[in-house]
Amino acid sequence: GSGGGGMDRAIERLASLQRHTTRIRNICVLAHVDHGKTTLSDSLIAHNGFITAKQAGLMRFMDFLEDEQRRGITMKSAGINLLYTPRTAVRGDKEPILITLIDSPGHVDFCSEVSTAARLSDGCFVLVDVVEGVCVQTHAVLRQAWEERLKPCLVFNKLDRLIIELGYEPREAYDRMRALLNEVNGLMSAFESEKFISQADTFLSAFDAAEEATLGASTSDGAVGADYLDEVNEDGEVAEAFSIARGNVAFGSAIDGWAFRPEAFADLFAEKLGCSAAALCKAFSGDWYYHPKTKRIVSRKVAGDKLKPLFVQCILDPIWKLYTTADNEKNGVWVEKDLAALAKALKVEVSERDLTNT
Ligand SMILES: Nc1nc2c(ncn2[C@@H]2O[C@H](COP(=O)(O)OP(=O)(O)OP(=O)(O)O)[C@@H](O)[C@H]2O)c(=O)[nH]1
Ligand SMILES: [Mg+2]
């Protein structure tokens, strides 16, 4: 809540949590320059009520230096404590967590600030501007996150640009983001194979040395690639570093103050489509379609070319509709009713006042 009393209580809770180190997580925000780290931080800070939603994106709260504010870029990493109370239990645990959010600079000149932030973090958000795509520093921070063994979450940011600037259709946006996801996963698996090769080299030279010493005694139960094999999933494939099914990919627009993981939409649509939320979430990850006649989720082969992938149908279409509906108003079209219907469909609570003030 943003009321004064609520704020005091939030601060009290933050202070008491600081004494429980098991309930603290350090999370850094990493990305190429300008991909929206400070804006995303603002949104999260606003969510905690420390600044208002209106100020978010303008205040650039984490850019506390005068130079940063003047130049509009981050130069120093900065941290803030935020309270996160899970809405539903996470592995049976519903207790609040104290998050130290660390906003880092994206400009290559300040990369030592990024290393420091990554070193002391447990997890990270890696932002990618969906229009600019994977850039040099994206590459660098992904490597850093991987080297530091951070628990990462990939955030596709600036979806609004796909809609407004590029005028993409949902399907085009979907293809674009899938390509980006593949690119990022490709990088992550390259890091793994590099390590695998260098471990194999180390192992082989150790093996050669041992062989020389013992004339052929076997040491072949070495730990080559042990970490690598850990990440093999139940189908015997090496799991992708980032996937919707794994729950570590988010989509949003930091400047417009929204972001989601597809799980949220799975909960929303599961009942309607007559399947479990978990199955639907898996279906969002790949080429799966809803067949209206048979009322079943089907593969591309069955669906043909006419149907839209579930991710487009359930997630991107409504978002596009929201943006274009809100935009129509500028042309003098009366859209409150449309917006209200959409909000209801998405189970979002929108006040009468907000509806007329869009
Ligand atoms: N359209 C759009 N613009 C955004 C979004 N998020 C951030 N921006 C804009 O992108 C620019 C850079 O945002 P910042 O949050 O400063 O980016 P940053 O990653 O912190 O930049 P550095 O710290 O300097 O690397 C600003 O003009 C923001 O308003 C978004 O979701 N959509
Ligand atoms: Mg910044």
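So, here's what we can say about the structure. Remember, it's a predicted structure, so these values are computed and weren't measured experimentally.

1. A short note on the overall build of the chain
- On a plain count of helices and strands, the chain comes out with 14 helices and nine strands.
- Buried residues in the chain amount to 41% of all 358 residues.
- Put simply, 63% of the contacts in the chain that link residues at least 6 apart link residues at least 24 apart.

2. Description of the coordination of the magnesium ion (ligand 2)
- Coordination sphere of the magnesium ion (ligand 2), protein contribution only: Thr38 (OG1) and Thr74 (OG1), at 1.9 to 2.0 Å. Placement of Thr38 in helix α2 (residues 37–47) and of Thr74 in the loop between α3 (66–71) and β2 (78–84) is noted, with a sequence separation of 36 residues between them. Residues Thr38 and Thr74 agree in their burial class; the two are buried.

3. Brief notes about the nonpolar core
- Phe156, Phe251, Phe284, Ile315 and Leu316 are the most contacted members of the largest nonpolar core, which has 54 residues in total.
- Mapped onto the domain boundaries, this core takes at least three residues apiece from domain 1 (16–170) and domain 2 (262–357).
- Discounting chain neighbours no more than four positions away, the residues touching Ile315 are Phe260, Pro262, Phe265, Phe284 and Leu310.
- In terms of nonpolar packing, the next biggest core, distinct from the first, is built from 17 residues, Val29, Ile51, Cys153 and Ala250 among them.

4. Considerations on the site of ligand 1
- Taken together, 18 residues are adjacent to ligand 1, and Lys37, Thr39, Arg60, Thr74 and Asp160 come closest.
- Within the side chain of Thr74, one N or O atom sits 2.7 Å away from an oxygen atom of ligand 1.
- Within the side chain of Asp160, one N or O atom sits 2.7 Å away from a nitrogen atom of ligand 1.
- The fraction of the free accessible surface of ligand 1 (650 Å²) that becomes covered by protein chains is 84%.

5. So, the side chain of Asn48
- In this fold, Asn48 is placed in the loop between α2 and α3.
- Aside from chain neighbours lying at most four places away, what touches Asn48 is Leu82 and Leu83.

6. Details of the pattern of salt bridges
- Applying the stated criterion across every chain, the model contains 15 salt bridges.
- Here Glu148 and Arg119 are joined by a salt bridge, their closest N and O atoms 2.9 Å apart. Taken as a pair, Glu148 in the loop between α5 (136–147) and β5 (151–157) and Arg119 in helix α4 (residues 111–119) lie far apart in primary sequence, 29 residues in all.
- You can call Glu148 partly exposed: its relative accessible area is 24%.
- A salt bridge links Arg143 to Glu147; its shortest N-O distance comes to 3.6 Å. With Arg143 and Glu147 both in helix α5, this residue pair falls four residues apart, about one helical turn.
- Residues participating in the shared-partner salt-bridge network are Asp129, Glu132, Lys158, Arg161 and Glu165.

7. Thoughts on α4
- Among the residues making up α4, those that are buried are Glu113, Val114, Ala117 and Ala118. All buried residues of α4 fall inside an arc of 130 degrees around its axis, so they share one side.
- On its buried face, α4 sits against β1 (24–31), β3 (97–103) and α5.

8. Focus: the pairing of strand β6 (residues 249–253)
- Of all the five residues making up β6, five are buried; the element is thus mostly covered by neighbouring parts of the structure.
- Both faces of β6 are covered, namely the face carrying Val249, Phe251 and Ser253 and the face carrying Ala250 and Gly252.
- With three bridges joining them, β5 and β6 adopt parallel strand pairing. Across the sheet, the residue bridging to Leu154 is Val249, located in β6.
- Pairing geometry for β6 and strand β7 (residues 258–260), over three bridges, is antiparallel. When the bridges of β7 are listed, Phe251 appears paired with Phe260.
- The hairpin turn running from β6 into β7, its antiparallel successor, is four residues long, and Gly257 in that turn takes a positive phi close to 75 degrees.

So, how was this worked out
- Residues numbered from 1 in each chain as written.
- Chains lettered and ligands numbered in written order.
- Predicted model: local features only at pLDDT ≥ 70, side-chain atom pairs only at ≥ 80, totals over all residues.
- Heavy atoms only, no water.
- Helix = DSSP H or I, 4+ residues; strand = E, 2+ residues; numbered from the N terminus.
- Buried < 20%, exposed > 50% of the residue type's maximum accessible area, 1.4 Å probe, protein only.
- Contact = heavy atoms within 4.5 Å.
- Donors = N, O, S within 2.8 Å, 3.2 Å for Na, K, Ca; no water.
- Core = buried A, V, L, I, M, F, W, Y, C linked by side-chain atoms within 4.5 Å.
- Domains from an automatic or database assignment.
- Near = heavy atom within 4 Å.
- Polar contact = N/O pair within 3.5 Å; in protein donor to acceptor, adjacent residues only side chain to side chain.
- Areas by Shrake-Rupley, 256 points an atom, 1.4 Å probe, with all protein chains shown as cover.
- Salt bridge = Lys/Arg side-chain N within 4 Å of Asp/Glu carboxyl O.
- Arc of directions from axis to C-beta.
- Pairing = 2+ DSSP bridges.

Purely spatial values, then, with no claim about function.
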